[in-house]
Amino acid sequence: MSTESSRTKSLIAVCQLTSTDDKEKNFNVAENLIRSAAGIGCQMVFLPECFDMICETREKTMANTEPIDGPIVSRYRQLAKEVNVWLSLGGLHEKKTHNDDGKAFNAHIVVDNNGSVVSVYRKVHLFNLEIPGVIRLVESEFSTAGDKVVSPVQTPIGRVGLGICYDIRFAEFAISLAKSGADILTYPSSFTIPTGSAHWEVMLRTRAIETQCYVVAAAQTGPHNKKRSSYGHAMIIDPWGAIIGQCNDGIGYAVAQIDLNFLKDVRQKLPVWSDRKPHLYGNIIPAEDIEAKLDSNTDQSFQFGPTVVVKPEQIFYKTKQTVAFVNHRPILAGHVLVAPIRAAKRLQDLNSTEITDFFTVVQKVQKAIETEYDAKASTVGIQDGIDAGQSIEHLHAHLLPRKPTDFGGNVDQLWAELQKHDKTEHKSKYRVRTDEEMSAESNKLKSYF
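Residues numbered from 1 in each chain as written. Predicted model: local features only at pLDDT ≥ 70, side-chain atom pairs only at ≥ 80, totals over all residues. Heavy atoms only, no water.

Draft legend 1. Highlighting the overall build of the chain. Within the chain, the regular secondary structure consists of 12 helices and 23 strands. Expected size for 449 residues packed as a compact globule is a radius of gyration near 22 Å; at 25 Å, the chain falls within 12% of this value. Referenced to the eigenvectors of the C-alpha coordinate spread, the extents of the chain come out at roughly 75 × 50 × 45 Å. Across the 449 residues in the chain, those meeting the buried criterion constitute 50%. In the chain, of all internal contacts separated by at least 6 residues, the share reaching a separation of at least 24 is 68%. Side chains of the chain give 51 positive and 54 negative charges; the mean places of these two sets differ by 1 Å. (Helix = DSSP H or I, 4+ residues; strand = E, 2+ residues; numbered from the N terminus. Rg over C-alpha atoms; globule rule 2.2 N^0.38 Å. Buried < 20%, exposed > 50% of the residue type's maximum accessible area, 1.4 Å probe, protein only. Contact = heavy atoms within 4.5 Å. Lys, Arg positive; Asp, Glu negative; His and termini not counted. Charge placed at Lys NZ, Arg CZ, Asp CG, Glu CD.)

Draft legend 2. The arrangement of the pattern of salt bridges in detail. Using the criterion set out here, one finds 18 salt bridges in the structure. Ionic pairing is found between Arg 35 and Glu 31, a salt bridge with its closest N-O pair at 3.1 Å. In this pair, Arg 35 and Glu 31 are both assigned in helix α2 (residues 23–39), 4 residues apart and thus about one turn of the helix distant. Judged by relative accessible area, Arg 35 falls into the partly exposed class, the value being 32%. Residues Asp 183 and Arg 159 are paired through a salt bridge, measuring 3.3 Å at the closest nitrogen-oxygen approach. Of the two residues, Asp 183 is situated in the loop between α5 (171–179) and β10 (184–186) and Arg 159 in strand β9 (residues 158–162); the sequence distance between them amounts to 24 residues. Judged by relative accessible area, Arg 159 falls into the partly exposed class, the value being 36%. (Salt bridge = Lys/Arg side-chain N within 4 Å of Asp/Glu carboxyl O.)

Draft legend 3. Seen up close, the sheet that holds β10. The strand order β8-β9-β10-β11-β14-β15 describes an open sheet built from 6 strands, whose pairing is mixed. This sheet does not close on itself; its edge strands, each paired only once, are β8 (153–155) and β15 (243–246). Geometrically, the sheet is characterised by an average inter-axis angle of 25° between neighbouring strands, direction not taken into account. Bridging between β9 and β10 involves 3 bridges; their strand directions are parallel. (Pairing = 2+ DSSP bridges. Axes fitted to C-alpha atoms, helices over the stretch in contact; angles between N-to-C directions.)

Draft legend 4. Representation of the packing of α5 against helix α6 (residues 193–211) in the model. Their axes nearest at 10 Å, the elements α5 and α6 cross at an angle of 40°. Relative to α6, the element α5 lies oblique. The way α5 lies across α6 gives a crossing that is right-handed. Judged by residue contacts, Ala 171, Ala 174, Ile 175 and Ala 178 of α5 engage Arg 207, Glu 210 and Thr 211 from α6. Of the residues assigned to the contact of α5 with α6, the class counts are 4 nonpolar, 1 polar and 2 charged. (Parallel < 35°, antiparallel > 145°, perpendicular 65-115°, else oblique. Left-handed = near helix turned anticlockwise from the far one by under 90°. Nonpolar A, V, L, I, M, F, W, Y, C, P; charged D, E, K, R; others polar.)

Draft legend 5. Structural view of the packing of aromatic side chains. Under the defined criterion, the tally for this structure stands at 12 aromatic pairs. Note on Phe 302 and Phe 325: the rings are 5.8 Å apart at their centroids and 50° apart in plane angle, and the pair reads as tilted. Residue Phe 302 is located in strand β17 (residues 302–304), and its partner Phe 325 is located in strand β20 (residues 322–326); the two are separated by 23 residues in the primary sequence. Each member of the pair Phe 302 and Phe 325 is classed as buried. Members of the aromatic cluster, connected to one another through ring pairs, are Phe 27, Phe 51 and Tyr 76. (Phe/Tyr/Trp six-rings, centres within 6.5 Å; stacked < 30°, edge-to-face > 60°.)

Structure (structure tokens):
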């Protein structure tokens, strides 16, 4: 094999497990598969959803959840480093560190061959199925949905887009990842037998054909306990829609070659990406790793309107399009602001990507301030234009966690206060906070992101 060819071809393994409530046994089984696959030259090994455990009751599941930096992922990180292989850990029952609602995230984790966690995707589509007398699996009873599609992660086998199980039913999700440059889509799963026998292969091949990506789908198989069994049939599909690797019944793994030159040829022969007509049937926004790490040691000040500069220590969350920062003169505890980074004056000035990002950030910030300030409601307001009371010519949203006692219970009073809170004549009622006060609040809110 030539040097150029070797750079475009790589060997991978897709695994099939029968996880139970015995986490130690589950790890030992997966470890043997990983070591075997690494031993024959696989550069990346894919494990299914629920690789950590499948328990019979919700109570036992929740009692055994772990954070990403917990023991089970740490063992897999050490294993990846030891055998020099990348791992797709297809679905950890992730213990939440904030807003403990008694539920867990379903987290797909990618670990590199140095043992570092390089990407985490939290399942956005939760599977709720109830067929009376046949099966009942309501994921929303024990899982919290994630809130973003994660940008594909660069690996030795290509750019890998992360999904989990039920995500496979949403073509828009796959197209979003493909538009972001994915070469391979992953759907680690624990499909039920009724849905698997009817739809599993058809959907996997369809996602591969319509996105012109490889599709890798690790799977759970067989009976996990008295209440639950999985369909199995872990597969690897090429961009032409052909099955190039598939597991038999039972625990094991299948191997196939990823050939990025073949992927390129398929896309050249059928140029569906250049032939699309999004102006006729809608544009799907590419998945994007929009979060920007806030570094207190660098100047990340934000120009808010023509004259106001928001200092780095006042900013608690930032994406490529949007910024969230604490208020210098709040009218309620937790009153914060969200604004597009580009100095758009009106909501109508934002493009579709900016609009989506702006309101996604608003939603995330709302969750954070309600948790931090023990509120069950919020006011989210935009003064869209000077005549609506906007005092800074830069579009922004006010977010305020709300309680029944605010303004003596007078809900309408808030809007009057917003109109005047930053006016000079009212400075005695709403004083400007010190840099130290704003920095302290910002640091508290940063911990939620």
